[in-house]
Structure formats: C-alpha cells, structure tokens
Amino acid sequence: MEGTKNVVLLDFWPSSFGMRQRIALALKGIEYEAREENLFDKSPLLLEMNSVHKKIPVLIHNGNSICESLIILEYIDQVWHDKYPLLPSHPYERSQARFWADYIDKKYLQIYSTGRRVWSGEGEDQEKAKKEFIEIFKTLEGELGDKTYFGGDNLGFVDVALVPFTSWFYSYETCANFSIEAECPKLVAWANRCMQIESVSNSLPHPHNIYAYVLELKHKLGLS
C-alpha cells in the first residue's frame with residue numbers, strides 16, 4: 001500500500017455508496033483513515049465537510065472535501081491515475097461508462113425504495129416490488145452481456161459503481177423468498193467474479209452482516 005497521508009473517508013459500513021470508495025482506494029493501493037459515521041447523530045466533521053447534503057460518503061484529501069460517490073470515484077481515479085485506471089482512455093468508451101454509472105445512480109431511489117419494499121413488505125406489494133427490482137437488474141445484465149466485467153476484461157468504473165449493491169442481495173432473497181440468480185444468472189456470475197478480486201471482497205461487508213442490519217432495521221420499524 002502507498003503511504004498516502006491526509007486521506008480520510010467518512011463512511012457508514014452498510015452504505016453501498018461508501019463501499020465504492022473503499023474498493024477504489026484498495027485497488028489503487030491508497031492508505032486512508034476510515035471514520036465511521038452515525039447517521040442518526042452526524043459528526044461535526046461530516047456537517048462541515050458536506051454542509052449542503054450532510055450525508056456520506058465524503059472523501060477528505062489534503063483538507064479538501066469531495067462529495068457524492070460517483071464524483072469521489074472519478075476523483076480517486078484521476079488523482080491516482082497511474083494505478084489501476086477505472087475509466088477507459090477512449091472518449092466513447094469513457095462516455096458509456098459514465099452513462100451506465102449514472103443510470104445506476106438515477107435508479108438508486110427506485111432500487112432503494114423497491115428494495116425496501118422487498119425486504120419489509122408483504123403479499124401483493126412485495127411481489128410487485130420483486131418484479132420491479134428484477135427489471136432494473138435485467139437491464140444492467142443486458143448491458144453486461146457476455147463480457148467478463150462491465151469494463152471488459154478488467155474491473156472498471158461501472159463494476160465498482162454497481163457491485164456494492166450485490167452485498168444486499170442475500171437480504172432481499174431471504175426476506176422475500178426468491179432467487180436473484182434464477183432471474184439474473186449472468187449478473188450474479190459477474191458479482192461472483194468481482195468477489196474473487198481481493199480488493200473487492202475485502203471492501204464489502206459479509207452479506208450475513210447486512211442481513212443482521214436489515215433485521216435490526218425491521219425491528220426498529222416495528223416490522224418484526
């Protein structure tokens with residue numbers, strides 16, 4: 001690992017957006033200080049460094065704050081560009097990577113709200129939520145096609161943007177009694193390939209830990 005000082009990541013361990021930064025920093029061999037945030041009692045540092053949105057993740061580099069996960073991801077890629085480049089060098093390929101990463105973020109509210117209905121809902125609404133959820137990932141599976149990674153032969157920008165969401169798959173499947181692999185086999189095979197990369201597997205929480213967190217949320221919401 002490169003002995004890089006003055007790099008701090010404000011994060012929350014189950015956050016798929018924070019996981020993106022952990023993967024990118026690990027791929028590039030950048031040492032950093034990880035500061036875990038309590039989203040119900042946000043630190044003065046978080047409120048100072050992201051005074052507009054007041055949310056994680058925030059990367060602090062040499063005292064400067066960078067906010068919003070895809071912007072942070074691109075910043076990391078540009079600052080440490082000589083190590084494991086994430087965005088393609090060709091302008092068209094780079095535009096496509098940005099398009100699909102943006103698609104993931106634009107669909108995030110739908111993924112989040114639908115995913116929550118998957119793990120917390122019941123009956124007809126849960127069944128409808130499962131169908132909506134699968135449709136989002138089928139679109140992404142179509143873009144993946146027969147490629148090893150969204151980035152081609154190597155893990156790239158879109159892979160890093162998307163793979164953190166897969167750490168929640170076990171919770172969705174367990175709570176709603178369905179199989180994402182049965183519906184999106186290529187996407188699940190891709191996620192398994194990603195997890196064979198140490199920088200990815202070491203940066204994501206174990207799915208059982210996410211499930212325990214979901215059960216805690218359900219209890220707090222009076223759903224268990």
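Everything here concerns the structure above.
Residues numbered from 1 in each chain as written. Predicted model: local features only at pLDDT ≥ 70, side-chain atom pairs only at ≥ 80, totals over all residues. Heavy atoms only, no water.

Participant: Break down the side chain of K130 for me, with residues and values.
Facilitator: Inspection of the secondary structure assignment puts K130 in helix α6 (residues 123-144). Within the structure, the side chain of K130 is placed 3.1 Å from the backbone oxygen of A176, a separation counted as a polar contact. Every residue in contact with K130, bar those within four places of it in the chain, is listed here: V118, A176, N177 and F178. (Helix = DSSP H or I, 4+ residues; strand = E, 2+ residues; numbered from the N terminus. Polar contact = N/O pair within 3.5 Å; in protein donor to acceptor, adjacent residues only side chain to side chain. Contact = heavy atoms within 4.5 Å.)

Participant: So, the packing of aromatic side chains: which residues are in play, and what are the values?
Facilitator: When we look at a pair of aromatic rings, we describe it by the centre distance and by the angle of the planes. As enumerated under the stated definition, the model contains 13 aromatic pairs in all. Relative to Y213, the ring of F12 has its centre 6.0 Å away and its plane inclined at 75 degrees; by these criteria the two rings are edge-to-face. Of this pair, F12 sits in the loop between β1 (7-11) and α1 (16-27) while Y213 is found in helix α12 (residues 207-220), placing the two residues 201 residues apart along the sequence. The same class applies to F12 as to Y213, namely buried. For Y213, a relative accessible area of 15% corresponds to the buried category. Through a chain of ring-to-ring contacts, the aromatic side chains of F12, W13, F133, F137, W168, F169, Y172 and Y213 assemble into a single cluster. (Phe/Tyr/Trp six-rings, centres within 6.5 Å; stacked < 30°, edge-to-face > 60°. Buried < 20%, exposed > 50% of the residue type's maximum accessible area, 1.4 Å probe, protein only.)

Participant: If you had to explain α12 to someone new, which residues and values would you point to?
Facilitator: Here α12 spans 20 Å end to end across 14 residues, near enough to the 20 Å set by a 1.5 Å rise per residue. I210, Y213, V214, L217 and K218 are the residues of α12 that are buried. For α12, the angular spread of buried residues about the axis comes to 145 degrees, placing them on one side. Immediately downstream of α12, the backbone of G222 shows phi near 70 degrees, a positive value. (Expected span 1.5 Å × (residues − 1). Arc of directions from axis to C-beta.)

Participant: Help me get a handle on the pairing of strand β2 (residues 33-36), residues and values and all.
Facilitator: With 4 bridges joining them, β1 and β2 adopt parallel strand pairing. Bridging across to β2, L9 finds its partner in A34. For the crossover that starts at β1, traverses α1 and ends in the parallel β2, the hand is right-handed. (Pairing = 2+ DSSP bridges. Right-handed = clockwise from strand over helix to strand, strands pointing away.)

Participant: Quick rundown of unusual backbone geometry? Include the residues and the values.
Facilitator: Cis geometry marks the peptide bond from I56 to P57; its omega dihedral reads 0 degrees. Looking at the element boundaries, P57 is found in the loop between α2 (44-49) and β3 (58-61). Even without being glycine, N62 reaches a positive phi, approximately 55 degrees. Checked against the element boundaries, N62 lands in the loop between β3 and β4 (64-67). For Y84, which is not glycine, the phi dihedral falls at a positive 45 degrees.

Participant: Outline the sheet that holds β1, supporting the account with residue identities and numerical values.
Facilitator: Pairing is mixed across the open sheet formed by 4 strands, whose spatial order is β2-β1-β3-β4. Lying at the two open borders of the sheet, with one neighbouring strand each, are β2 and β4. Neighbour-to-neighbour, the strand axes of this sheet turn through a mean angle of 20 degrees, independent of strand direction. Bridge count between β1 and β3: 4 bridges; the pairing is antiparallel. Considered in β3, the bridge of L9 is made with L59. (Axes fitted to C-alpha atoms, helices over the stretch in contact; angles between N-to-C directions.)

Participant: Before we move on, could you go through the environment of I30 and cite the residues and values that matter?
Facilitator: Among the secondary structure elements, I30 is positioned in the loop between α1 and β2. In this structure the C-alpha to C-alpha distance between I30 and W80, which are 50 residues apart in sequence, comes to 8.6 Å.

Participant: How would you explain the state of the cysteines if you had to name every residue and give the values?
Facilitator: Considering all chains together, one arrives at 0 disulfides under this definition. In this structure C175 is not part of a disulfide, and its nearest cysteine sulfur, from C184, lies 18 Å away. Residue class for C175 comes out buried when judged on its relative accessible area of 18%. (Disulfide = S-S within 2.5 Å.)

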